[in-house]
Structure formats: C-alpha cells, structure tokens
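Chain by chain, the residues run as shown.
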Amino acid sequence: MDDVELAGSLVREAGQLAERMRRVGLRIDRKTSVTDVVSAADHAAEDLIEARLRDVRPRDGVIGEEGTRTPGERTWYVDPVDGTYNFVSGLPFWCSALALVDDVGVVLGAVYHPAADELWIGGRDHPTSCNGVPVGEVLDRALTEVSIASYLHPGTLPDDGTRLPLLRAIRGAATVRMLGSGSIELAAVAAGRLGGWVQHDSLEWDWFPGQALVTAAGGRTVVVNDGSHRWHIAGSSRVVDEIAELVAG
C-alpha cells in the first residue's frame, strides 16, 4: 500500500470508528473551555491511526492532537476528529484528517467526512480528488466574488489583533461561512465550494491536511506573520493575495 492509499484508509477507518462510538454514546470532557471538548472517540481514532502507522510505517513519526508524539524520518500529523464540538452536538460538519510531512514540506493530506461519505486526498504527486474523482483546478476569482470561511471564538473578540484583521477580510468577500471544521472548509476550497479560507494561529494538524488538498488542486496557501499572530490563508492566488493584504491592514 502506497502513502496515498494508506492515508485514505486511515482517515476512513478513523472516521467510521468515531461515528460508531458516537452513535452508542460517549463521555465528553472539556479542555480549555465549554466548546473545547474531547471525547473517547477522539482518543480511540488517534490510537487506531498511530497503531496502524507503527505497524506499516515504523520509521515514520506521528504527532496527534490528542497527545501522540513519536519521532521519525517523516511525520504524520493526525486530527482524529476535527470539529469535535460539532461531532458531540450531532452536527454533520466534522471529519478525520491527517497529513504526511517530510524534510521538503507537506507530502499529502487526506480528509474523510463521514456525514457526506466523502474521502478527499491530494498531495505533491497526487492531484486532489474526492472519492477518486479529480476536483479540477481552483478558479482564480476576485475575493468580492467568492465566499470566505473562518472561525472567531467569542473569547478572542476583545483582541483587536484577531478581530479587526478578520473583519477586514470578511468585509472584502461576497459572504462568510463558519462550519466549525477547518479541514472540511479547506477541502471545500480545493473543490471550489468555498472561495477562500483564513484563520489565525492554526495548529499543524488543523492546517497541513487541508493545505495539501488546496495546493494539489492548483490553489495557493500562505502563512502571514503580522507580529502578533500567524494568519493561515488559502484559496486561489488572487484571493490569497487579497486576504493577505486585508489582514495586514
């Protein structure tokens, strides 16, 4: 099994395991806030991926959102349930996601969205596909013509350094969507369902899987550091340039 096939099977199995566990009932714990939640399914899905990789890619490392830290020649970044608040609330916008990174950069990303039964895979040598069908090239349109996706937590509202740049970017777009799962949103950007994406201070497992999908669909991704925050931006080349200019002020 090559890396692309392996990545697809891992996120599909992890997502299906999480969904089975959700249906029979889960214990929910909170991390830092009432909306920052984790369930037994998050841990079980991450454990499943880590165990499989240890067996079939013993020289690779694994870094997971729920605490897995295994060094290796290459590194798999794992988000076993991206959108856990949606997941535990019965909302459909959650997924299992992972990315493979080597010394050069992101090799590939894979995202499985159980509610839609959509498996997204894309990377350095694999044009982005959904359930095996290529998504085509990201269209280079103006920001005013497309939707933008992001997230603004209520706890960050008092911070001018996050609120104001994001509001500038949102005002430049045709409309805004906040689905609660960055990897699903980035997959939608790769497919042309959304036009752009911007989020401050994304963690590797929230960024790398979707970044791979967007770039492998002919889109562009950048990280802009404004001195206070790191802004992760994805979309067509024109959309990325416009968002980057807006967040920079």
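In what follows, the accompanying structure is described. None of these values were measured; they are calculated from a predicted model. (Residues numbered from 1 in each chain as written. Predicted model: local features only at pLDDT ≥ 70, side-chain atom pairs only at ≥ 80, totals over all residues. Heavy atoms only, no water.)

### Let's talk about the packing of aromatic side chains
Counting across every chain of the model gives 3 aromatic pairs. Considering the side-chain rings of Phe-87 and Trp-94, the 4.6 Å spacing of their centres and the 70 degrees angle between planes classify their relative orientation as edge-to-face. Seen in terms of ring centroids, Trp-197 and Trp-207 are 5.8 Å apart; in terms of plane orientation they differ by 25 degrees. Their pairing is stacked. Of this pair, Trp-197 sits in strand 13 (residues 196–200) while Trp-207 sits in helix 6 (residues 204–216); the two residues are 10 residues apart in sequence, bridging distant segments of the chain. For the residue pair Trp-197 and Trp-207, the accessibility class agrees, reading buried in each case. (Phe/Tyr/Trp six-rings, centres within 6.5 Å; stacked < 30°, edge-to-face > 60°. Helix = DSSP H or I, 4+ residues; strand = E, 2+ residues; numbered from the N terminus. Buried < 20%, exposed > 50% of the residue type's maximum accessible area, 1.4 Å probe, protein only.)

### As for the pairing of strand 15 (residues 230–235)
Most of strand 15 sits out of view: 5 of its 6 residues are buried. Examined bridge by bridge, strand 13 and strand 15 share 5 bridges and lie antiparallel to one another. Across the sheet, the residue bridging to Val-198 is Ile-233, located in strand 15. Both strand 14 (residues 220–225) and strand 15 contribute to a ladder of 6 bridges, which runs antiparallel. Paired with Arg-220 across the bridge in strand 15 is Gly-235. Taking the residues that link successive antiparallel strands as the turn, the strand 14-strand 15 hairpin has 4 residues, and the phi of Gly-227 there is positive, at about 100 degrees. (Pairing = 2+ DSSP bridges.)

### So, the sheet that holds strand 11 (residues 147–149)
Sheet architecture is open: 5 strands sit in the order 12-11-13-15-14, paired in mixed fashion. The two strands at the open ends of the sheet, each matched to only one other strand, are strand 12 (175–177) and strand 14. If you compare each strand with its neighbour and ignore which way they point, the axes differ by 20 degrees on average. Helix 4 (residues 160–171) rests against strand 11, strand 12, strand 13 and strand 15 of the sheet, and its axis sits at about 20 degrees to strand 15. (Axes fitted to C-alpha atoms, helices over the stretch in contact; angles between N-to-C directions. Contact = heavy atoms within 4.5 Å.)

### Notes on the sheet that holds strand 5 (residues 75–82)
Strand order in the open sheet formed by 8 strands is 4-3-5-6-7-8-9-10, and the pairing between neighbours is mixed. Looking at which strands have only one partner, the edges of the open sheet turn out to be strand 4 (69–70) and strand 10 (133–134). Here strand 7 (residues 106–113) runs beside strand 8 (residues 118–123); their pairing, made up of 6 bridges, is antiparallel. Across the sheet, the residue bridging to His-113 is Glu-118, located in strand 8. Contacts from helix 1 (residues 3–24) reach strand 5, strand 6 (95–101), strand 7, strand 8 and strand 9 (126–130) within the one sheet, and its direction differs from that of strand 7 by about 30 degrees.

### Here's the deal with helix 4
Since the α-helix advances by 3.6 residues per turn, residues separated by three or four positions end up pointing in the same direction. With 12 residues, helix 4 extends 16 Å from end C-alpha to end C-alpha; this agrees with the ideal 16 Å at 1.5 Å per step. Where helix 4 is concerned, the buried positions are Thr-162, Pro-165, Leu-166, Ala-169 and Ile-170. Along helix 4, the residues classed as buried sweep out an arc of 140 degrees about the axis, all on the same side. Buried residues along helix 4 sit in contact with strand 11, strand 12, strand 13, strand 15 and helix 7 (237–248). The N-terminus of helix 4 is capped by Asp-159, whose side-chain oxygen sits 2.8 Å from the backbone nitrogen of Gly-161. (Expected span 1.5 Å × (residues − 1). Arc of directions from axis to C-beta. Polar contact = N/O pair within 3.5 Å; in protein donor to acceptor, adjacent residues only side chain to side chain.)

### Let's talk about unusual backbone geometry
Backbone geometry places Asn-131, a non-glycine residue, at a positive phi of 50 degrees. Tracing the chain through its elements places Asn-131 in the loop between strand 9 and strand 10. Note on Asn-131: relative accessible area 42%, which makes it partly exposed. Phi at Asp-201 is positive, roughly 55 degrees, even though this residue is not glycine. According to the relative accessible area criterion, Asp-201 is partly exposed, its value standing at 34%.

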